[in-house]
Structure formats: C-alpha cells, structure tokens
Amino acid sequence: MITACLIGVSGFGNVHYQDLVRAVERGEVRLLGATVINQEEEAEKCQHLRSIGCEIFTDFTQMLAHFHGQCDICFIPTGIPLHTPMTLAALRAGAHVFVEKPAAATIQDVLAMRACAEETGRFVAVGFQTMYAHETFWMKRAILEQQIGKLQSIKCYALWPRLDNYYARNGWAGRLQIHGAWVLDSPFSNAVSHQLNMLCFLAGSELTRSATLRSVEAELYRGHVIESTDTACIRVTTETDVPLYFYVTHCSVQQAGPEIIVRGERGSIHWTTGRVAITRGDGTHEEMDCDTGLNLRDRLMQHLYRKVADPQSFVCDLDIAGAHVLCVNGAHESSPIHQLEPTLLQRFEESGSIKTVIEGIDDVIQQAFTQEKLFSELGVPWARAGRVVSLANYTHFPAAES
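Predicted, not measured: the structure shown is a model, and the values here were computed from it.

Asker: Tell me about helix α6 (residues 134-144), and name the residues and values.
Answerer: Of all 11 residues in α6, eight are buried, a share of seventy percent or more. Residues Glu135, Thr136, Phe137, Trp138, Met139, Lys140, Ala142 and Ile143 constitute the buried set of α6. Buried residues along α6 sit in contact with β7 (151-159), α8 (193-202), β13 (256-264), β14 (267-271), β15 (275-279) and β16 (285-289). Looking one or two residues beyond α6, the residue adopting positive phi is Gln146, at roughly 55°.

Asker: Can you lay out the environment of Asn295 for me, pointing to particular residues and giving the numbers?
Answerer: Here Asn295 is to be found in helix α9 (residues 293-309). Along the backbone, Asn295 and Leu31 are 264 residues apart, and their C-alpha atoms lie at a distance of 21 Å.

Asker: How would you explain the UniProt feature "domain: GFO/IDH/MocA-like oxidoreductase" (unreviewed entry) in the chain if you had to name every residue and give the values?
Answerer: The UniProt record annotates "domain: GFO/IDH/MocA-like oxidoreductase" (unreviewed entry) at residues 139-269. Annotation note: span residues 139-269, helix share 15%, strand share 38%, distance between end C-alpha atoms 7 Å.

Asker: Explain the packing of α8 against helix α10 (residues 318-334) to me, using residue names and the numbers behind them.
Answerer: The contact between α8 and α10 brings their axes to 9 Å, and the two run at 110°. Comparing the axis directions of α8 and α10 gives the class roughly perpendicular. The handedness of the crossing between α8 and α10 is right-handed. Seen from α8, the contacting residues are Ser193, Leu196, Asn197, Cys200 and Phe201; seen from α10, they are Ile320, Ala321, Ala323, His324 and Cys327. For the contact of α8 with α10, a count of residues per class yields seven nonpolar, three polar and no charged.

Asker: Give me the lowdown on the sheet that holds strand β2 (residues 29-35), citing residues and values where you can.
Answerer: Taken in spatial order, the six strands make up an open sheet running β3-β2-β1-β4-β5-β6, and their pairing is parallel. Looking along the sheet, the strands with just one partner apiece sit at the ends: β3 (55-57) and β6 (124-126). Neighbour to neighbour, the strand axes of the sheet diverge by 20° on average, direction disregarded. Bridge count between strand β4 (residues 73-76) and strand β5 (residues 96-99): four bridges; the pairing is parallel. Within the sheet, the bridge partner assigned to Cys74 lies in β5 and is Val97. The strands that helix α1 (residues 13-25) touches are β1 (2-7), β2, β4 and β5; relative to β2, the one it contacts most, it runs at about 150°.

Asker: Kindly report on the pairing of β16, identifying the contributing residues and their values.
Answerer: Note that β15 and β16 share five bridges and pair antiparallel. Along β16, the bridge assignment pairs Ile278 with Glu286. Once β15 ends, the chain turns through five residues before running back antiparallel as β16, passing Gly283 with a positive phi of about 95°.

Asker: Explain the nonpolar core to me, and be specific about the residues and the numbers.
Answerer: The biggest cluster of nonpolar side chains holds 119 residues, and the ones touching the most others in it are Phe188 and Leu304. Residue contributions to this core peak at nine residues, all from α10. With residues up to four places along the chain from it excluded, the contact list for Leu304 reads Ile73, Phe75, Phe98, Phe123, Ala125 and Val315. Counting 22 residues, the second largest nonpolar core, distinct from the first, contains Cys251, Ala368, Val380 and Trp382.

Asker: Describe the side chain of His83, listing the residues and the values that go with them.
Answerer: Residue position: His83 is located in helix α4 (residues 83-92). Polar contacts involving the side chain of His83 include one to the main-chain carbonyl oxygen of Glu100, which spans 3.3 Å. Excluding its chain neighbours within four sequence positions, the residues that come into contact with His83 are Thr78, Val99, Glu100, Lys101, Pro102, Ala103 and Ala104.

Asker: Got a sec to walk through the packing of α4 against helix α5 (residues 107-120)? Specific residues and values, please.
Answerer: Direction vectors running N to C along α4 and α5 enclose 5°, while the axes themselves pass 9 Å from each other. Our classification of the angle between α4 and α5 gives roughly parallel. Listed contacts from α5 to Thr84, Thr87, Leu88, Leu91 and Arg92 of α4 are Asp109, Ala112, Met113, Cys116, Ala117 and Thr120. Partitioning the contact of α4 with α5 into residue classes produces six nonpolar, three polar and two charged.

Cut-offs used in this document
- Residues numbered from 1 in each chain as written.
- Predicted model: local features only at pLDDT ≥ 70, side-chain atom pairs only at ≥ 80, totals over all residues.
- Heavy atoms only, no water.
- Buried < 20%, exposed > 50% of the residue type's maximum accessible area, 1.4 Å probe, protein only.
- Helix = DSSP H or I, 4+ residues; strand = E, 2+ residues; numbered from the N terminus.
- Contact = heavy atoms within 4.5 Å.
- UniProt positions renumbered as here; feature names shortened; annotations may be inferred.
- Axes fitted to C-alpha atoms, helices over the stretch in contact; angles between N-to-C directions.
- Parallel < 35°, antiparallel > 145°, perpendicular 65-115°, else oblique.
- Left-handed = near helix turned anticlockwise from the far one by under 90°.
- Nonpolar A, V, L, I, M, F, W, Y, C, P; charged D, E, K, R; others polar.
- Pairing = 2+ DSSP bridges.
- Core = buried A, V, L, I, M, F, W, Y, C linked by side-chain atoms within 4.5 Å.
- Polar contact = N/O pair within 3.5 Å; in protein donor to acceptor, adjacent residues only side chain to side chain.

As structure tokens, this is what we get:
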C-alpha cells in the first residue's frame, strides 16, 4: 500500500484531498499526515482525516521530519511560490513528490528540483492531468506515425473570462513576484497551462517526451488591474521548425475553448476538453471521448502508484513540465506587459464582482488562431511585437541575471 502526506486541503488542495480520500476508501493509500494551516476553517476535513488515522500538522517541515523515510509520495497542491521549497524539502525527507502545475515559476527552480530528485533517487511528478489521458497518447502516436502527414503546426486558443474576485482568491494570483520570489502567474502558467504543456508534448519527437524548444516570441497585455498579464499570444518554435501558437485571454466577452488543432500536410487533429477527432491522410476519420473528471484524476493516481514501484513507468516529470516553464520564462523575456488604454476596456458588474473586457478581443483571438499569426502581425492597432528569445542553453530567468 502506498503511504502519502498532503500539504494543504483548501483551494485546489481540495482536489488532492478528494483524490486521496477516494484512494484511502479503496485501500490503495494510507494517508500518514496532512498539513492544514487553517484548521478552524477546514474543521470537517480535519475531523475526517483524523478518523482515517491521519495526523494533522500546522507546519509542513514538522510533518516531513515526523515521517522522514516513511512517506512514499508527498502531495503539494500549494501556490506557485511554494512549489520549489516544499518539493526540495519533501525529496530530502525521502518522499517522491506530486506537485501541482506549473512545476515552478522559473527554469532555475526546475533545474534545482531535478538535481535534488536525482541526488535523492526520487521522482517529481507534476499535476498536468491531461498528460495521463488516453486521448493524449492517441494523438501523440498519430502524429509520430504521420497519420496526418508531416507536422505543420499546433495551435490553441482559450477565451476564459475571469472576474476581479479571481485575482482576490489568494495572495499570489496575478502577481509577478512576492517578497522577491518569482511567481509569473498568468493564464498560460496557470488556468490554461495544461494546454500549453500539451502543445509542447504533442510536438515532441519521442512518445513520452516534449519537444526541444528553440525560441519564443510573445506579446503580453493586461486589462485587469494586476501586475502580470491576462491576455497573450505566443509563438514557440521547436528545434524541428514546428511552430506552436497559443492565444489566451481572461478579458473576453464569451467563454470558449480551450481548443487545439494539430495541422499536418495531409490531415489534422481537433481536440476539445470533451472530444478529440483525427482526420487522416488516407481519408479516414475517427473520434474519441476525452478522459475527464474523477476518472482522469484516478488514472493520474494509478500512474503515481506504478511509478513508486517501477522507475520506468510514465509520469509527467520535470523534463516534460520544464518545457512549459521554458515557454513561460521565454514569453516574459520576449515582451513587457502592456497595460491597455482605458478606452479599450469595459468594466462592469457581474455575479457580485467586476468583469473586464478588452474591446474586440474575442474576434482578434479567433482571427489570430485561424491565420496562425500574432496580434501585431494582424495589424491590431494596440498590439506591440515582442522580440524573439532563444531558448538554447536557457537556464536562468531572467537571462540577464545569469
């Protein structure tokens, strides 16, 4: 039976809590300890945890010290700034780690986590749940087998409006830094990060590896009153010259996507959160329902269990998740964050909070997605081109400090 510890049960930590509770009920996991800093607010969860033999702590370091060498996997569903220090501490306490996405804010943190994992002989898996879905590998095999011909491009868009209360939900949302530590929160590092990670993975030349990335060119904008970006277009180029396009905003009128299209010379793949379709070069067409909900979360857990017993088993590791962090870092190197003029913005009350809309952004993103261009290449008046940033030997964000 797998032994586990959990750091946090609130926010997205509730998803990990529910995953582990189901696993305990099935007899798959013994939950040794949980760190809960807001025990009064989470009294019901703490009571249930104690009822299944789980010890409650207020400090994760005390928990890790108490269970040093006894815990198979430490679950870390905490905020971005805490991923690296908590992962390093768990590894040094003898545990494997399952950390929420993104792996970290910067590539130097990813490299530090990878070095510690190698030193301790433990693995770090990252919570990109779509990496564990049946359809992800169905698409990847179709690409590698050139069922759609030679790969031409992969692109994704998401119109995901978020209200002001989205940025008030914790202390790091919408932030670039906190107390001198990088956060780099954004739609492409957080809310829609799964899909940016998928683009890099699908473009990889090996079944279980992401692509090697050559360069990033981005344009970053904001409509909300935040530090970071809420609207972006990104072009990533792989070492095999395949362009990956990513378009996202939290300032749209409508909600649409995320949607991914893989374009080949003689066919295409169309992915949405519910269904994926492959139109092959031989004229055949096939569709598959996507893994979603609790079934996908339980599949993810099964992969973690297998990895504990068999080091060769697949998880979304720091090599895969590191490609995503490279995209994020490169995008921030490529473009400053342009605050859009008030004349381009509408702010109005919705659902007890305030919604911000960038004038015409829904159409701009749809056009860019269709034409595979950045906003500035469409001639959008307020758009500003970013610079091309090389990712070859990129090991430190920002590069000027390396």
